[in-house]
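Geometric and topological summary
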Amino acid sequence: MEYLIPKSAVVFEEEIKKSRFITYLRHTEGLVEAKAFWQDVKLRHPGARHHCWASVAGAPNNSQKLGFSDDGEPAGTAGKPMLSALQGSQIGEISAVVVRYYGGILLGTGGLVRAYGNGVQQALKLLETTVKIERKVYGLYCDYGQVNWLQLLCERYNVLIENQLFQENVWFQLAISDDKLEPFKQELTERSAGQLTIEPAE
């Protein structure tokens, strides 16, 4: 499986009815990292009224890795529209924090939803992304005479060789995406006449 993730961090700032909204976007892998990013932004803006947060901390379709907070704004007016903007982008492993310095004019619930959601959408337009391919790790033993064609086979199926140990035999640690696993295993079996098999790594 592959999906887009942020390549670099982005900051977008705007003023709406005298309130300052500063949107931060960043790559975060997992909710622990996402919450650490939120805390970091809070420390940078101790004088702000609100530090609202939303995160798609895993793959874009992984509902287990979603999180958001309105941080004192009326329920549903900040974190939710921010999360909706992130989900709409189909980018994974991304977090947004919007800092609000209150300017003395109430925006109303509709105004807040627009301000927070739009801030994230504008920041997303500035974001550079890169492709992440999810892979699982497998181990494989082979003879020295099989190394060359095995390396070529890995190249053909976009399999990453993460580690190699050269002892009596050669041990490879391979990272393989799910969609390449079966064709790779099939060709491996054919090329080695059934000698070589891969095992999930511990």
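Residues numbered from 1 in each chain as written. Predicted model: local features only at pLDDT ≥ 70, side-chain atom pairs only at ≥ 80, totals over all residues. Heavy atoms only, no water.

1. As for helix α3 (residues 108-126)
Between its first and last C-alpha, α3 extends 28 Å over 19 residues, near the 27 Å set by a 1.5 Å rise per residue. Taken residue by residue, α3 has G111, L112, A115, Y116, G117, G119, V120, A123 and L124 as its buried positions. Along its buried surface, α3 packs onto β2 (10-16), β3 (19-27), β4 (50-56), α2 (79-89) and β6 (94-101). (Helix = DSSP H or I, 4+ residues; strand = E, 2+ residues; numbered from the N terminus. Expected span 1.5 Å × (residues − 1). Buried < 20%, exposed > 50% of the residue type's maximum accessible area, 1.4 Å probe, protein only. Contact = heavy atoms within 4.5 Å.)

2. Let's talk about the environment of V120
With respect to the helices and strands, V120 occurs in helix α3. Taking the C-alpha atoms as reference points, V120 and K18, 102 residues apart in sequence, are found 19 Å from one another. The contacts of V120, once residues within four sequence positions are left out, are T23, L25, M82, A85, L86, A96 and V98.

3. Points about the sheet that holds strand β8 (residues 136-142)
Within the open sheet, the four strands sit side by side as β9-β10-β8-β11. Their pairing is antiparallel. Bordering the open sheet on either side are β9 (160-166) and β11 (199-200), each of which pairs with just one other strand. By the bridge criterion, six bridges tie β9 to strand β10 (residues 170-176) in an arrangement that is antiparallel. Pairing of N163 across the sheet is with Q173, part of β10. Taken strand by strand, helix α4 (residues 147-156) contacts β8, β9 and β10, and its axis lies near 5 degrees from that of β10. (Pairing = 2+ DSSP bridges. Axes fitted to C-alpha atoms, helices over the stretch in contact; angles between N-to-C directions.)

4. Considering the sheet that holds β2
Pairing in this open sheet of five strands is antiparallel, and the strands run β2-β3-β6-β4-β5 from one edge to the other. If you trace the sheet from one side to the other, it starts and ends with β2 and β5 (66-69), each paired once. When strand polarity is set aside, the average angle formed by the axes of neighbouring strands in this sheet is 15 degrees. Across eight bridges, β3 lies against β6 in antiparallel orientation. Counterpart to F21 in the pairing with β6 is R100. Of the strands in this sheet, β3, β4, β5 and β6 are in contact with α2, which crosses β4 at around 35 degrees. Contacts from α3 reach β2, β3, β4 and β6 within the one sheet, and its direction differs from that of β2 by about 145 degrees.

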